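Structure at a glance
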Amino acid sequence: MSDDKREEKVRSIKLTGFGGYDCLVVEETSCPHPQTGEVTVKVKACGMNFADLYTRQGLYTFDGRKPPFVMGMECAGIVREVGEEVQDFKVGDRVVCWSFHYGMWSEVSKIPTTTCHHIPDSMSFEEAVAIPVSYVTAYLLLFDFGNLRRGQSVLVQAAAGGLGWAVTQLCKTVEDVVIFGTASAFKHEIIRENGITYAIDYHSTDFVQEIQSHAPTGVNIIVDSLSGSDFIRSQKVLKHMGRLIHVGISNMIGGEKRNLLRALKVWWQMKNINLLNLVKNNHAVCGFNMGTLTEYDPTRVKEVMGHLIQFYEKGKIKPRIDSVWSFDEVVKATKKMVNRENIGKLVLVPVKEKTDGDPTSQTVDSSVTILNPED
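Cut-offs applied
- Residue positions within a chain follow its written sequence, with the count starting from 1.
- Since the coordinates come from a predicted model, pLDDT governs what is reported: local features require at least 70, and pairs of side-chain atoms require 80 or more to be given and counted, while whole-chain, interface and lining totals use all residues.
- In computing side-chain properties, one takes all heavy atoms of the structure into account and sets aside hydrogens as well as water.
- In these notes, a set of buried Ala, Val, Leu, Ile, Met, Phe, Trp, Tyr and Cys residues joined through side-chain atoms within 4.5 Å is what counts as a nonpolar core.
- Residue burial is assigned from relative accessible area. The probe radius is 1.4 Å, only protein chains are included, and a residue is buried under 20% of its type maximum, exposed over 50%, and partly exposed in between.
- Secondary structure elements are taken from DSSP: a helix is a run of H or I of four residues or more, a strand is a run of E of two residues or more, and numbering for both begins at the N terminus.
- Should any heavy atoms of two residues lie within 4.5 Å, those residues are counted as being in contact.
- Here a strand pair is declared whenever DSSP counts at least two bridges between the two strands.
- For this analysis, a ring pair means two rings from Phe, Tyr or Trp (six-membered ring only for Trp) whose centres lie within 6.5 Å, classed as stacked if their planes differ by under 30 degrees, edge-to-face if by over 60, and tilted for the remaining angles.
- Geometry is summarised by axes, namely lines fitted to C-alpha atoms with helices restricted to the contacting stretch, and by angles between N-to-C directions that run from 0 to 180 degrees.
- Each angle gets one of four labels, with under 35 degrees taken as roughly parallel, over 145 as roughly antiparallel, 65 to 115 as roughly perpendicular, and the rest as oblique.

This part is about the nonpolar core. Of all hydrophobic cores here, the largest spans 98 residues; its most connected members are Leu170, Leu308 and Leu348. Per-element tally for this core: the top contributor is helix α4 (residues 131-145), with nine residues. Excluding residues within four positions of it along the chain, Leu308 makes contact with Ile131, Tyr135, Val136, Tyr139, Leu170 and Ile317. Counting 14 residues, the second largest nonpolar core, distinct from the first, contains Val208, Ile211, Ala215 and Ile222.

If you want it as structure tokens, here you go:
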């Protein structure tokens, strides 16, 4: 390989320290090259997740690392180089990749083949990056932990986010499932179109009372991405033999920077789970962390990716891309997520293409329009 290629630089979004928006910086880094069992990917799209906010603020990182490092857990693009002993991928393949050791928000990313999957030509790169974290998590919560069956009921907290959107669609792959979803009122029409049976505005309505009015005996499965008091109170609407699955701590996020008092309050509100009450009420409480699962059971994660690709090709799932942002707009995109303004997935691209007649918007496919940076 030539020295010129070895010295090639690529643009990446780096976290320079734990803190505010100013810690997200676009910098040139050395272009990675694959080692044994790895590929490098020319990145076309990167996924944003609420967990990226936890990372930036220093609430936690999946592998315990400290800045500086390149952010990002999902990317999709075209295989650029393959390392030794790689047999399942070749240069030019369209792939989606995931890593909980970060490094995906870059023009070129290096990934083990154990966390890469081919994607069909019918799937856009933007749609592809909605799959690994949101849809794989949703699948495992509903079908592995939740054992969702026909005629059951589910509560989805934050139903308009990337995970909530995925949970709702996967619920609809099972017949006669009733879905309660919490979201701001302006999102209700869209989440109903996605499959929510009862939309609940958590700003103006007590979700416990609202669910009890429609389902007095409660729901079978609760997907909790909020934590804190909402997690504790949700047990009041869990049926006997119900499963409460904890998957996020979004109630800890209330602004640009970490609020230690807020974080401690959320932690304190849920630090004690009463085992006697679980036994008395026949409840199961589960915790899910895709980062550790990917580390200890990568085969299962990849199996689920295969199932989800099949669901997509059969028209059973369709990721909703809220908006697409260039690397240089990462702070604007992050603010939108912090303010809970998105419906579906936020996506980053190295450079945002312009369309004729509108320099600030772009269409990904026939069903998704990319919003202006100021929307």
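The rest of the description comes next.
The next point concerns the sheet that holds strand β4 (residues 69-70). Spatial ordering of the open sheet is given by β2-β1-β4, a layout of three strands whose pairing is antiparallel. Each of the sheet's edge strands pairs with one partner strand only, and the pair in question is β2 (24-30) and β4. Relative to β4, strand β1 (residues 9-15) is paired through two bridges, and the arrangement is antiparallel. Looking at the pairing, Leu15 lines up with Phe69 of β4.

Of all the five residues making up strand β6 (residues 94-98), five are buried; the element is thus mostly covered by neighbouring parts of the structure. Along β6, one buried face is formed by Arg94, Val96 and Trp98 and the opposite face, lined by Val95 and Cys97, is buried too. In this structure, strand β5 (residues 74-82) lies alongside β6, joined through five bridges in antiparallel fashion. Residue pairing across strands places Gly77 opposite Val95, the latter belonging to β6. The pairing of β6 with strand β8 (residues 116-118) spans three bridges and is antiparallel. Each bridged residue has a counterpart across the sheet, and for Val96 the counterpart in β8 is His117.

With that out of the way, let us pick up the side chain of Thr137. Residue placement: Thr137 occurs in helix α4. Not counting chain neighbours up to four residues away, the residues in contact with Thr137 comprise Pro132, Leu163, Val247, Phe288 and Met290.

Once that is clear, we can look at unusual backbone geometry. In this structure, the amide linkage connecting Pro67 to the following residue, Pro68, adopts the cis form with an omega of 5°. In this structure, Pro68 sits in the loop between α2 (50-57) and β4. The backbone of Arg340 shows a phi angle near 55°, a positive value even though the residue is not glycine.

Here the focus is the packing of aromatic side chains. Under the criterion given, the structure shown has nine aromatic pairs. With a centroid separation of 5.4 Å and an interplanar angle of 90°, the aromatic rings of Tyr60 and Phe62 are classed as edge-to-face. Judged by relative accessible area, Phe62 falls into the partly exposed class, the value being 22%. Both rings, one in Phe69 and one in Tyr102, keep their centres 5.1 Å apart while their planes meet at 40°; by these two values the pair is tilted.

The next subject is the packing of α4 against helix α12 (residues 298-313). It is at 10 Å that the axes of α4 and α12 come closest, and there the two elements cross at 100°. As the angle between them shows, α4 and α12 are arranged roughly perpendicular. When α4 is examined against α12, the residues Ile131, Pro132, Tyr135, Val136, Tyr139, Leu140 and Asp144 are found in contact with a partner set consisting of Arg300, Val301, Val304, Met305, His307, Leu308 and Phe311.

Moving on: helix α13 (residues 330-338). Each α-helix winds once per 3.6 residues, and so residues spaced three or four apart point in a common direction. For α13, the set of buried residues is Val330, Ala333, Thr334, Lys336, Met337 and Val338. One or two residues past the end of α13 sits Arg340, with phi positive at roughly 55°.

Here the focus is α2. Counting buried residues along α2, seven of its eight residues qualify, which places the element largely inside the surrounding structure. Turning to α2, the residues buried within the fold contact β1, β2, β3 (38-47), β4 and α13. Positive phi appears at Gly58, one or two residues downstream of α2, with a value of about 85°.

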